[in-house]
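# Architecture and fold: a report
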Amino acid sequence: MKKIYFPIIASGIFLFSGCAELQTASQISGILNQVGGLSGLSNAQISSGLKEALNLGISEGILKLGQKDGFTNNALAKILLPQELQGVEKTLRSVGLGSLADQGLKLLNSAAEDAVVEAGPIFKNAIATMSFQDAAGILMGGDNAATQYLQTKTTAQLTAAFQPKVANSLGKVGADKVWSNIITKYNALAGKNINPDLNAYVTEQAVKGVFHMVAEKEAGIRNNPNLRTTQLLQQVFAVQDKK
């Protein structure tokens, strides 16, 4: 995204780079009104356009991840084994048990698919309560300014909402039994005694996967005018296309 510079005082120039440097609503409004393309939009319209973009990207991202194999077939979100278990996969494959390793990975991703539906209401609430200052800061920020904002506002809630869902899903899809078998075999083969907390790991990776999708959608809308599917989106995001 092109950087946008705005005159604030006669002797200097201020770079508005994101939410961390938010000004007052009146200052931001003045800045936006100096930029061609937004002079006819109210503060409410600017906020609505940004919220519309976020809701669009999040809804599409969650829908994709929540489908069958939504995590498994998504390079941005697919859950791989944690470092402590990479030796497990290698050992199993070396003794002809690659299919068991594949099954274990697939079930971890299936549990994440189950949990991701919990993200929708949490994101919607964070977006609905976004102030004009927040919206303007995101609009003028970097390619992932909205993603960073949502990470700050929702990560703790997402983690708390995902954990019980992941725990239930691991049991529902049979991942707990499969991984008990995998770990038992590995410990016997390697002479070790590991017992990883898969619930915590899958929860963490599921949350990361959601934000990877949000970031992808945000970058798309910022950098591809064809993805701005409504007049309001086109008007609001036109500001970042100007120097």
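What you are looking at is a predicted structure, and each value in this text was computed from that prediction instead of being measured.

### Description of the pattern of salt bridges
- Taken as a whole and assessed by the stated rule, the structure comprises 7 salt bridges.
- Note that Lys 165 is salt-bridged to Glu 118, the shortest N-O span being 3.8 Å. In this pair, Lys 165 sits in helix α7 (residues 145-172) while Glu 118 sits in the loop between α4 (98-115) and α5 (119-128), placing the two residues 47 residues apart along the sequence.
- A residue is classified by how much of its surface remains accessible, and Lys 165, at 27% relative accessible area, is partly exposed.
- For Glu 118, a relative accessible area of 30% puts it in the partly exposed group.

### Observations regarding the nonpolar core
- In terms of nonpolar packing, the biggest core is built from 63 residues, with Phe 71, Phe 123, Leu 150, Leu 158, Phe 162, Trp 179 and Phe 237 touching the most fellow members.
- In terms of residue count, the dominant contributor to this core is helix α9 (residues 198-223) (10 residues).
- Among all residues touching Phe 162, those that are not within four sequence positions of it are Ala 115, Val 116, Glu 118, Ala 119, Thr 203, Ala 206, Val 207 and Val 210.

### Remarks on the packing of helix α2 (residues 43-66) against α9
- Contact pair α2 / α9: the axes reach a minimum separation of 9 Å and the direction vectors enclose 135 degrees. Here α2 is positioned oblique relative to α9, judged by the angle of their axes. Seen along the crossing, α2 lies across α9 with a hand that is right-handed. Where α2 approaches α9, its residues Ala 53, Leu 56, Gly 57, Ile 58, Glu 60, Gly 61, Lys 64 and Leu 65 are matched on the opposing element by Gly 209, Val 210, Met 213, Val 214, Lys 217 and Ile 221.
- A breakdown of the residues in the contact of α2 with α9 according to their chemical character gives 8 nonpolar, 3 polar and 3 charged.

### Quick notes on the confidence of the model for the protein chain
- Model confidence for the protein chain is summarised by a mean pLDDT of 77, while 80% of its residues fall at 70 or above.
- Contacts from residues 1-23, a stretch scored under 50 in pLDDT, to residues over four places away or in other chains number 54 contacts.
- Low confidence marks residues 34-39, where pLDDT is under 50. Its contacts with residues over four positions away, or in another chain, come to 14 contacts.

### Let's talk about helix α6 (residues 132-140)
- The element α6 is largely enclosed, with a buried count of 8 among its 9 residues.
- Buried residues of α6: Phe 132, Asp 134, Ala 135, Ala 136, Gly 137, Ile 138, Leu 139 and Met 140, and no others.

### Examining α5
- Among all positions in α5, only Ala 119, Gly 120, Ile 122, Phe 123, Ala 126 and Ile 127 are buried.
- Taken together, the buried residues of α5 touch α2, α4, α7 and α9.

### With respect to the environment of Ser 131
- Position of Ser 131 among the secondary structure elements: in the loop between α5 and α6.
- Relative accessible area serves as the criterion here: at 26%, Ser 131 is assigned to the partly exposed category.
- In the structure, Ser 131 is positioned 87 residues away from Ala 44 in sequence and 9.7 Å away in space, judged by C-alpha atoms.
- For Ser 131, the side chain forms a polar contact with the main-chain nitrogen of Asp 134, separated by 3.1 Å.

Cut-offs used in this document
- Residues numbered from 1 in each chain as written.
- Predicted model: local features only at pLDDT ≥ 70, side-chain atom pairs only at ≥ 80, totals over all residues.
- Heavy atoms only, no water.
- Salt bridge = Lys/Arg side-chain N within 4 Å of Asp/Glu carboxyl O.
- Helix = DSSP H or I, 4+ residues; strand = E, 2+ residues; numbered from the N terminus.
- Buried < 20%, exposed > 50% of the residue type's maximum accessible area, 1.4 Å probe, protein only.
- Core = buried A, V, L, I, M, F, W, Y, C linked by side-chain atoms within 4.5 Å.
- Contact = heavy atoms within 4.5 Å.
- Axes fitted to C-alpha atoms, helices over the stretch in contact; angles between N-to-C directions.
- Parallel < 35°, antiparallel > 145°, perpendicular 65-115°, else oblique.
- Left-handed = near helix turned anticlockwise from the far one by under 90°.
- Nonpolar A, V, L, I, M, F, W, Y, C, P; charged D, E, K, R; others polar.
- pLDDT = per-residue confidence, 0-100.
- Polar contact = N/O pair within 3.5 Å; in protein donor to acceptor, adjacent residues only side chain to side chain.

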